[in-house]
Amino acid sequence: YQRRVREIRRKKKKELMAQNNNSICEQFEMGGYCFTIQQNPTNTSSTGTKVWPASVVLSKWLIKNRNKFEFLSKKGIELGAGCGLVGIVATSLGVEMTLTDQNVMLDTLRTNIAFNIDTLGESTPKPRVRVEELDWNNIQHHSRVKQFDFIFGADVVYQVEVIESLVTCLERLSNSRTNIFIAIEQRCPVTYETFTRRIATTFFVKKVPQKELSGVNDQDSSFVEIFCLKKMIIHQ
């Protein structure tokens, strides 16, 4: 029976891959598993149509530090998930994940979850992952979701204009026990400085030392940084 199920899933995977001739599938080997991610880098409708280096670095770092955090059966959310690599990797570590992005990316997320369902079944007993639309500027979207044990974001700090809505979203989805991991690429000094100043008003901030990213950052992604945030308890 299980062999038959695997055959059906492989057939479905091939069908999904054939649906979009403009897309490419790339395999990422991490933690003893191989994750297949469909991308469409020629699609300019969203920045989430390709896997950026920050996603790869954060995914590898989570796997490397899997024993430092209690991932199993905890609830997590990925903001601006794009192709969903980080959220899928977190699911493989046992986190009950919600992958979120704007509506245009939801089909890609569902496709990539389908691509990796066998891998997720091998890595964790009962993988639980779902996809939801989450617009950081839409307050109604914020109210639909609860607070989480883990929040992940990779390359979500790309313009000054998105920082306030992103941090407000982090504030609403977290409590003082939530672990927040944000991986960013330094492109614009103004954007970087605006982000670091803003998060310091609400969160305790630690930046992962570059020496701890040894074996995680490759030559093409040595400019990626990971921020670990914990929400402050503000007494009225």
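This is a predicted model, so every value here is computed, not measured.

Draft legend 1. Just the packing of helix α2 (residues 53-64) against helix α3 (residues 85-92), in detail. The geometry of α2 relative to α3 is characterised by a closest axis approach of 9 Å and an angle of 10 degrees between their N-to-C directions. It follows that α2 is roughly parallel to α3 by the angle criterion. Packed against α2, whose contacting residues are S55, V56, L58, S59, L62 and I63, the element α3 presents L85, V86 and V89 at the interface. Of the residues that constitute the contact of α2 with α3, the class distribution is seven nonpolar, two polar and no charged.

Draft legend 2. Spotlight on unusual backbone geometry. Non-glycine residue S73 carries a positive phi angle of around 65 degrees. Within the element layout of this structure, S73 appears in the loop between α2 and β3 (75-79). At D155, a position not held by glycine, the phi torsion is positive, near 55 degrees. Its location among the elements puts D155 in the loop between β6 (150-154) and α7 (160-173).

Draft legend 3. Expanded view of α2. Relative to the 16 Å expected for twelve residues at 1.5 Å per residue, α2 spans 16 Å between its end C-alpha atoms, a close match to the ideal helical length. Most of α2 sits out of view: nine of its twelve residues are buried. For α2, every residue scored as buried is listed here: A54, S55, V56, V57, L58, S59, W61, L62 and I63. Where α2 is buried, its residues contact β1 (24-30), α3, β6, β7 (179-185) and β9 (224-231).

Draft legend 4. Structural view of the packing of α7 against helix α8 (residues 189-199). The contact between α7 and α8 brings their axes to 10 Å, and the two run at 25 degrees. Taken together, the axes of α7 and α8 lie roughly parallel to each other. As α7 packs across α8, the resulting crossing turns out to be right-handed. Contacts between α7 and α8 involve V160, I163, E164, L166, V167, T168 and E171 from the first element and V190, T191, T194, F195, R198 and I199 from the second. Class assignment for the residues of the contact of α7 with α8 results in seven nonpolar, three polar and three charged.

Draft legend 5. Representation of the side chain of S165. Positionally, S165 belongs in helix α7. Judged by relative accessible area, S165 falls into the buried class, the value being 12%. A polar side-chain atom of S165 sits 3.0 Å from the main-chain carbonyl oxygen of V162. For S165, the contacting residues outside a window of four places in its chain are W136 and N137.

Draft legend 6. Looking closely at the pattern of salt bridges. Tallying each qualifying case throughout the model produces nine salt bridges. Salt-bridge contacts for K75 lead to E96; the nearest nitrogen and oxygen are separated by 3.0 Å. Remark: E96 occurs in strand β4 (residues 96-101) and K75 occurs in strand β3; sequence separation between them is 21 residues. The exposure class assigned to K75 is partly exposed, which follows from its relative accessible area of 44%. Since its relative accessible area comes to 18%, E96 is described here as buried. Between R130 and E132 there is a salt bridge whose closest N-O contact spans 3.5 Å. Via salt bridges that share partners, K75, E96 and R128 belong to a single interconnected network.

The rules behind these values
- Residues numbered from 1 in each chain as written.
- Predicted model: local features only at pLDDT ≥ 70, side-chain atom pairs only at ≥ 80, totals over all residues.
- Heavy atoms only, no water.
- Axes fitted to C-alpha atoms, helices over the stretch in contact; angles between N-to-C directions.
- Helix = DSSP H or I, 4+ residues; strand = E, 2+ residues; numbered from the N terminus.
- Parallel < 35°, antiparallel > 145°, perpendicular 65-115°, else oblique.
- Contact = heavy atoms within 4.5 Å.
- Nonpolar A, V, L, I, M, F, W, Y, C, P; charged D, E, K, R; others polar.
- Expected span 1.5 Å × (residues − 1).
- Buried < 20%, exposed > 50% of the residue type's maximum accessible area, 1.4 Å probe, protein only.
- Left-handed = near helix turned anticlockwise from the far one by under 90°.
- Polar contact = N/O pair within 3.5 Å; in protein donor to acceptor, adjacent residues only side chain to side chain.
- Salt bridge = Lys/Arg side-chain N within 4 Å of Asp/Glu carboxyl O.

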